[in-house]
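# Close look at the chain arrangement
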Amino acid sequence: MKAKGLIIALDVTDKEKALNIAEETSSYVQAIKVGYPLVLSSGLDIIEELMSYTETVIADFKVADIPNTSKIICRLARNAGAAYVIVHGFVGEDVLKACSEIVDIIVVAEMSHPGAEAFIQPVSEEIALLACEYAKGIVAPATRPERITKLRYVVGRKLLIISPGVKAQGAEIGDAMRAGADFEIVGREIYESERPGEKARKIAKILKKV
Ligand code: BMP
């Protein structure tokens, strides 16, 4: 993945729409993140199809199972073409180790929604520290830039920080990168827009100046 910038979260459930948006936005995004909405509606092969428009597809499966099952999921995603698989960190070291043996992983350290403050935030720095052993990056919340700064302090320059929570969840474009993130993840603000390509272009332009 290029050094910093924009990742689109392609959470649409219509395959044609997904491919159209991927094409329109391809000049402005460094990676496409796909998750359950698109894969469950279009099938895992969508990953390969998206690779016509990006070098990097991130499979956001938030893997959170025992090591063996987690490994099977990671293998499927890797074989489908995903460059990275997002794995939950709270499940523990054995899961991260098992997944990292199969594919490059990005670990969810702290989530962006309000409910994350109850259970995941209190352990997020420990999760980030564990991620340093096994992951290429962590997920940290754009909605709480001060937490990104804390988590950057924990992982140093060793890991990428990718950050969701922009616009639809309240953060402004650029907040997360100013706080220490490498990439901002943007979903609805782009895919619900009338002109996704134009929207992605404007966001990427702002991020370039951060
Ligand atoms: P949106 O910009 O529409 O809010 O999308 C954010 C994307 O990032 C979604 O795919 C969501 O599942 C994901 N995400 C998040 O919002 N918060 C997290 O803590 C972790 C995520 O993966």
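Residues numbered from 1 in each chain as written. Predicted model: local features only at pLDDT ≥ 70, side-chain atom pairs only at ≥ 80, totals over all residues. Heavy atoms only, no water.

### Let's talk about the packing of helix 1 (residues 15–25) against helix 11 (residues 196–208)
Viewed as axis vectors pointing N to C, helix 1 and helix 11 meet at an angle of 40 degrees, and their least axial separation amounts to 8 Å. Here helix 1 is positioned oblique relative to helix 11, judged by the angle of their axes. In this structure, helix 1 meets helix 11 at a crossing whose hand is right-handed. Residue-level contacts link Ile-21, Glu-24 and Thr-25 of helix 1 to Pro-196, Gly-197 and Ala-200 of helix 11. Residue classes in the contact of helix 1 with helix 11 are distributed as three nonpolar, two polar and one charged. (Axes fitted to C-alpha atoms, helices over the stretch in contact; angles between N-to-C directions. Helix = DSSP H or I, 4+ residues; strand = E, 2+ residues; numbered from the N terminus. Parallel < 35°, antiparallel > 145°, perpendicular 65-115°, else oblique. Left-handed = near helix turned anticlockwise from the far one by under 90°. Contact = heavy atoms within 4.5 Å. Nonpolar A, V, L, I, M, F, W, Y, C, P; charged D, E, K, R; others polar.)

### Focus on helix 1
Every buried residue of helix 1 is accounted for by Ala-18, Leu-19, Ile-21, Ala-22 and Thr-25. Projection of helix 1 onto a plane perpendicular to its axis shows the buried side chains occupying an angular sector of 165 degrees, all on one side. Against strand 1 (5–9), strand 2 (31–35), helix 2 (36–42), helix 3 (46–50), helix 10 (188–191) and helix 11 lie the buried residues of helix 1. Put simply, Asp-14 is the residue that caps the front of helix 1, since its side-chain oxygen is 3.2 Å from the backbone nitrogen of Glu-16. (Buried < 20%, exposed > 50% of the residue type's maximum accessible area, 1.4 Å probe, protein only. Arc of directions from axis to C-beta. Polar contact = N/O pair within 3.5 Å; in protein donor to acceptor, adjacent residues only side chain to side chain.)

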